[in-house]
Amino acid sequence: MKKTIVLLMICYISNTYSQERFTSLNAVLEYASKNSLTLQGNSIRYNQAKKRKLAAIVGILDPLGGGNLSAINNSKLPVTLFPDVSNPGVYNETKFGKKYNTSFEQNISVKLLNLEGWENLRLAKINLDLTNSNSQITIKELQENIANNYFNIVSLQIQKKSALQNQTVADTLYQIALNKYNLSLVKQQDVNDSKANFLNTKENVNQIEYLIQQNYLSLKNLCDIPEEEEIVIENNNPDFVQIFNPNVLENTLNLDNAILKEKYALRNFEQTKNYTLPNISFIFNQSSQRYSDPFKVFGGTWYKSSYIGLNFSFSLPINAGNMAKKFNAKYEYELTQKATKQARIKSTLNVRNLENEYNKNKSQYQSNNEIYILRKDTYEKNKRLYISGQQSLDQTLNSFNAMVNAEYNLISSKINIHLIEARIDINNKIR
């Protein structure tokens, strides 16, 4: 019985608790590519654009047609007045028609000349390409945001590990000061200052943990991971930094997107010009009517009629609605031309920006690495001097805090190298 209960509890826990463990940025990106609702929305929008293109193809002919069946009971037949030839000024009342009238009508209309329809098809084709371009930009931006969040977590995890070690060091300093105070070698101020330093390092661990959890929530939000599902980031080798000259390729996603928007705006402008151009349609109509005094479901005589022809239609150029659309489309096209020029400039500058940012982080890392080594050496020497009574606690604590800050700066610059490498990799892949 006990074994059964244990097994049921294990099954329950396994069904209600799940955990995603990621050991690299690529693992997170792969998960997001499969589960992101944002990316799934991109797929839906692309399918929607494909259907719009199909509708535009049908819209060139724009076939219209249908049928109509009616059964009418003329409760009162209309009266027509005819002049009486024999009696001038006198009119005779005459009723036309029969009490029951059944009719069936069919009609078809197909456009033979539809310039606006062809423009709609061109717009639909550009919109399909534009939808795909927007999707690629969304993927790139999502991956960049995930990379930022991922390396924030990695950086904070390393900082937490360092903070725990620093907490132990601060506790050692506090114990040294307390022992020296018990031996009447230092004042109470040394004990207070060393204890305050220990409490600060202890609280620093708590604050870092809060920041880690906050970044986990942000990562869940980006990847559309449910709140109840736990995720764990375990970077295998965050301390390894490889310095190299980055090969940054020009990413033309935004430029291509701007060009497509300009093409779309141009076609839309051209379409507004076609509002006043004529449409020519083939039309066909066929109808059958039956008249009777007693109502009949079947039987009776049906009188048929039909016609075929061409329908010519156009809109007057002087129309407030059409004029407004034309002016709006014109200025929208001019704005997209400016946006394309701006995107072309940014496309080339972005390469220089990524290269410069990598070199900046590389220089910062190398400098911070040397500074940390110096700060650590200074602290170790001050600690030995304080233990031997040759150094004040203030100088020792100052060198300790300087070492801690230098270590945090080194960690941040180290992770920034990994982050800029990830951004360059995303830039080179999704372009």
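Residues numbered from 1 in each chain as written. Predicted model: local features only at pLDDT ≥ 70, side-chain atom pairs only at ≥ 80, totals over all residues. Heavy atoms only, no water.

Colleague: Just checking my understanding: could you explain the overall build of the chain for this structure?
Modeller: The helix and strand tally for the chain stands at eight helices and eight strands. Relative to the compact-globule value of 22 Å for 431 residues, the chain shows a C-alpha radius of gyration of 40 Å, a clear excess of over 25%. In terms of overall dimensions, the chain has C-alpha extents of about 150 × 70 × 45 Å along its principal axes. Every one of the 431 residues in the chain was classed for burial, and the buried ones make up 34%. In the chain, of all internal contacts separated by at least 6 residues, the share reaching a separation of at least 24 is 82%. Surface accessibility of the chain: about 26900 Å² in total, with carbon and sulfur atoms responsible for 53%. Each charge sign in the chain was given a centre, from 50 positive and 39 negative side chains, and these centres are 6 Å apart. (Helix = DSSP H or I, 4+ residues; strand = E, 2+ residues; numbered from the N terminus. Rg over C-alpha atoms; globule rule 2.2 N^0.38 Å. Buried < 20%, exposed > 50% of the residue type's maximum accessible area, 1.4 Å probe, protein only. Contact = heavy atoms within 4.5 Å. Areas by Shrake-Rupley, 256 points an atom, 1.4 Å probe, with all protein chains shown as cover. Lys, Arg positive; Asp, Glu negative; His and termini not counted. Charge placed at Lys NZ, Arg CZ, Asp CG, Glu CD.)

Colleague: When you look at the sheet that holds strand β5 (residues 100-113) in this model, what are you seeing that I'm missing?
Modeller: Sheets are built from strands that pair by backbone hydrogen bonding, the pairs being arranged parallel or antiparallel. One open sheet holds the four strands; their spatial order is β2-β5-β7-β8, and the pairing between them is antiparallel. Two strands in the sheet have a free side with no partner beyond their single neighbour: β2 (64-73) and β8 (302-313). Each strand of the sheet is rotated relative to its neighbour by a mean of 15°, with strand direction disregarded. Summarising the sheet, β2 and β5 pair through 10 bridges and their orientation is antiparallel. Bridging across to β5, Leu 64 finds its partner in Ser 109. (Pairing = 2+ DSSP bridges. Axes fitted to C-alpha atoms, helices over the stretch in contact; angles between N-to-C directions.)

Colleague: Quick question: what am I supposed to make of the packing of helix α4 (residues 115-182) against helix α7 (residues 320-387) here?
Modeller: Helix packing for two helices is described by the angle between their axes and how far apart those axes are. Where α4 contacts α7, the two axes come as close as 11 Å, and the packing angle between them is 20°. What the angle tells us is that α4 and α7 run roughly parallel. Regarding α4 and α7, the two cross each other, and that crossing is left-handed. When α4 is examined against α7, the residues Val 169, Thr 172, Leu 173, Ile 176, Ala 177 and Lys 180 are found in contact with a partner set consisting of Tyr 379, Lys 383, Tyr 386 and Ile 387. Of the residues contributing to the contact of α4 with α7, the split by class is seven nonpolar, one polar and two charged. (Parallel < 35°, antiparallel > 145°, perpendicular 65-115°, else oblique. Left-handed = near helix turned anticlockwise from the far one by under 90°. Nonpolar A, V, L, I, M, F, W, Y, C, P; charged D, E, K, R; others polar.)

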